[in-house]
Amino acid sequence: MSTLCVIDVQPAFKPAEIILPAVVKEIEKAKNNNNGIVVLEYKSFMRSYEIVRNVLGKYKNKAFGFKSTDDGSIHFLEACKSRGFVLDVVKVIGVNTGYCVRATVLGLLWSERVKQVEVVLNAVNGYNPEWELKELKESVESFKSKIKFI
C-alpha cells in the first residue's frame, strides 16, 4: 500500500494545468487501491483545481493540508498520522518541481517514518521543467536507496 501526496495543484500555478490529466489518473489509481490521499495546498493561492476536488469526491481516505512554505512534508506527515495512512511508499505528484515538490520530497526523505518516496514524473511540473527536475534529482542524490522516479 502507498499514500499519494498531491502538491499545489492549484489554478494559481500555471504548470499544474498541463499535468491535470496525469494527476487525475494518479488520484483514481490511489482510490481504486484504497490508498490514502493527502492534498497539500499553498495558503492564499486558491483551492485545488475543481477537477481534482471532484475526482476526490466523497472518498473517505483523503485529507487536506494547508502550507505557507514550500515544504509540505510536516503537514503531509501530520495528516497521515491523524488518518492512519501508511507511509511504506509515498507517491508524490504536483508542482513546482524545483521548489515545493523538491522541498516536500526532501522533508519526506529525512523522515524516519517514510520508507520509500516515488516521484511520478509525468505528474510533476514546474515553470522551468527540465531545470527543476534536474535540481530535484541532484538534491536527493544521497537518498538513492529511498527514492524512485517512476
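The rules behind these values
Chains are numbered independently. Their residues run from 1 in the order of the written sequence. Predicted model: local features are reported for residues with pLDDT of at least 70 only, side-chain atom pairs are reported and counted for 80 or more only, and whole-chain, interface and lining totals are derived from all residues. Calculated side-chain values reflect all of the structure's heavy atoms, with hydrogen atoms and water omitted. Counting from the N terminus, the helices are DSSP H or I runs at least four residues long and the strands are E runs at least two residues long. When we talk radius of gyration, it's over C-alpha atoms, and the globule rule is simply 2.2 Å times the number of residues to the 0.38. Only protein chains enter the accessibility calculation, which uses a 1.4 Å probe; a residue whose area is less than 20% of its type maximum is buried, one above 50% is exposed, and one in between is partly exposed. Only strands that DSSP links by at least two bridges are regarded as paired with each other. Here a crossover is taken to be right-handed if, once the strands point away from the viewer, the path from the first strand over the helix to the second is traced clockwise. Here, a salt bridge means any side-chain nitrogen of Lys or Arg that lies within 4 Å of a carboxyl oxygen of Asp or Glu.

Attention shifts here to the overall build of the protein. Scanning the protein from terminus to terminus reveals five helices and six strands. Going from N to C terminus, the protein has its helices and strands arranged as β-α-β-α-β-α-β-α-β-α-β. Over its C-alpha trace the protein gives a radius of gyration of 14 Å, about what one expects of a compact globule, namely 15 Å for 150 residues. Along the three orthogonal principal directions, the C-alpha set of the protein runs to about 40 × 30 × 25 Å.

Another aspect to go through is the pairing of strand E1 (residues 2-7). Burial runs high along E1: six of the six residues are buried. The alternating pattern of E1 places Ser2, Leu4 and Val6 on one face and Thr3, Cys5 and Ile7 on the opposite face, and all of these are buried. Of the strand pairs in this sheet, E1 and strand E4 (residues 89-95) are connected by six bridges, and their pairing is parallel. By the bridge assignment, Thr3 is partnered in E4 with Val90. One ladder, built from five bridges, connects E1 with strand E2 (residues 36-42); its direction is parallel. Looking at the pairing, Cys5 lines up with Val38 of E2. At this point the chain moves from E1, through helix H1 (residues 15-32), to the parallel E2, and the crossover so formed is right-handed.

Glancing now at unusual backbone geometry. The omega angle of the peptide bond from Val95 to Asn96 is -15°, so this bond is cis rather than trans. For Asn96, the position within the fold is in the loop between E4 and helix H4 (97-110). Despite not being glycine, Met46 shows a phi value in the positive range, around 70°. Locating Met46 in the fold gives a position in the loop between E2 and helix H2 (50-56). On the basis of relative accessible area, Met46 is assigned to the exposed category, the value being 54%.

This brings us to the pattern of salt bridges. Under the criterion given, the structure shown has seven salt bridges. In this structure, the salt-bridge partner of Lys91 is Glu26, at a minimum N-O distance of 3.3 Å. Pair noted here: Lys91 is in strand E4 and Glu26 is in helix H1, with a separation of 65 residues, a long-range link. Lys115 serves as the salt-bridge partner of Asp88, at 3.4 Å between the closest nitrogen and oxygen. Of this pair, Asp88 sits in the loop between helix H3 (73-83) and E4 while Lys115 sits in the loop between H4 and strand E5 (116-125); the two residues are 27 residues apart in sequence, bridging distant segments of the chain. Where salt bridges share partners, they join Glu26, Lys29 and Lys91 into one cluster.

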